[in-house]
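A closer look at the structure
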Amino acid sequence: MDFLNALVAFANFVFIPAMAYGSQLALGALGVTLIYGILRFSNFAHGDTMAFGTMVTILVTWWLQSLGVSFGPLPTALLALPLGILGCMGLVLLTDRMVYRFYREQRAKPVILVIVSMGVMFIYNGLVRFIIGPDDQRFADGERFIISARTFKEMTGLREGLAFKTTQGITIVTAVIVVALLFWFLNRTRTGKSMRAYSDNEDLALLSGINPERVVTYTWMIVAALATVAGVLYGLDKSYKPFVYFQLLLPIFASAIVGGLGSPLGAIAGGFIIAFSEVTITYAWKKVLTYLMPGPLDPDGLVQLLSTDYKFAVSFMILLIVLLFRPTGLFRGKSV
């Protein structure tokens, strides 16, 4: 029974939260890796793009809630999500036409586009804070738990309870569906194949008759959809605060680089590697070890390698190690 209690505690505090967090990072990293692979620059405005798409979704959610519209046990935000994606698409396409297009036509070096994206990041950040404010905004409704800790204890008779939040379940299922649709689009549709060809060899793709502006437009639309979905899922699972999405840039970029920039599969793997690393290193293992170790060997301290305040330091260290020893990432993406 002690082993089962340890397993439940591990699933409750490590495995399920890391799976949900990893799904959110994977979706965010997919957007970063698509921009890098196709448009060939690191988009530092991606975190605030997530914040903007989520903000639009929240505003539409509040409007639906004021009309008495709900989605039953599921969050109303899922009904508002398509409008949030459309709003984010409009923003990034407008930004591309007004800002990035000029530098593309000038054949500007990637480092110039990186600096430009930092300017766009500050504009997005100010716009979001001006509209919705800098404070925490909670917009989750519906059923909070798929199964609560108390219900699990009553069902199993174990001392440890397993709490599986509705938002965690939605995050994991949505991530699987979105990733499957993205890979189908990239591998099965003509537009997706054009995007892959443009990423592999721009000059050859142009000689083949591929319209570069069409590729760029579809890339920004897909990135906006991924950013909004990732931002909304993160906001539902935790809470929405604009500055948090700026902080998420580090683990998202770490995920993309660890997996291999330009590799969609690598972005997914990197997201889960970063998430599990952050959660396992900052978790206090005393409860799990107490169940597994004999009584005299019970740990006195928390058995916590790092405080949760330093979880982003884990991403930074992994990113640093990868850049030093394997800059192409696990799946041999483009060198950083």
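Computed from a prediction, not measured in an experiment: that's the story for all the values here. (Residues numbered from 1 in each chain as written. Predicted model: local features only at pLDDT ≥ 70, side-chain atom pairs only at ≥ 80, totals over all residues. Heavy atoms only, no water.)

Close contact between helix α2 (residues 46-66) and helix α9 (residues 212-237) brings their axes to 7 Å; oriented N to C, the two are set at 70°. Taken together, α2 and α9 sit at an angle that is classed as roughly perpendicular. Read as a crossing pair, α2 and α9 show a hand that is right-handed. Of the residues in α9, those touching α2 at His46, Thr49, Met50, Gly53, Thr54 and Thr57 are Val223, Ala227, Thr228, Ala230, Gly231 and Val232. Considering only residue class, the contact of α2 with α9 consists of five nonpolar, seven polar and no charged. (Axes fitted to C-alpha atoms, helices over the stretch in contact; angles between N-to-C directions. Helix = DSSP H or I, 4+ residues; strand = E, 2+ residues; numbered from the N terminus. Parallel < 35°, antiparallel > 145°, perpendicular 65-115°, else oblique. Left-handed = near helix turned anticlockwise from the far one by under 90°. Contact = heavy atoms within 4.5 Å. Nonpolar A, V, L, I, M, F, W, Y, C, P; charged D, E, K, R; others polar.)

Attention shifts here to the side chain of Thr174. Looking at the secondary structure, you find Thr174 in helix α6 (residues 166-188). From its side chain, Thr174 meets the backbone oxygen of Ile170 in a polar contact 2.6 Å long. In contact with Thr174, other than residues within four places in its own chain, are Val229 and Leu233. (Polar contact = N/O pair within 3.5 Å; in protein donor to acceptor, adjacent residues only side chain to side chain.)

For the rest of this paragraph, the subject is unusual backbone geometry. With phi around 65°, Arg40 is a residue other than glycine that occupies positive phi space. Following the sequence through the fold, Arg40 ends up in the loop between α1 (2-39) and α2. Overall, the relative accessible area of 27% leaves Arg40 in the partly exposed class. At Val303, a residue that is not glycine, the phi angle is positive and equals roughly 55°. Looking at where Val303 falls in the secondary structure, it is placed in the loop between α13 (286-292) and α14 (311-325). On the accessibility criterion, Val303 (35% relative accessible area) is partly exposed. (Buried < 20%, exposed > 50% of the residue type's maximum accessible area, 1.4 Å probe, protein only.)

Okay, α2 next. In an α-helix, one full turn covers 3.6 residues, which means residues spaced three or four apart are oriented alike. For α2, which comprises 21 residues, the first-to-last C-alpha distance of 30 Å matches the rise-based estimate of 30 Å (1.5 Å per residue) to within 8%. Across the 21 residues of α2, 16 count as buried, placing the element largely inside the fold. Within two residues after α2, Gly68 carries a phi angle of roughly 85°, on the positive side. (Expected span 1.5 Å × (residues − 1).)

These figures capture arrangement, not role.
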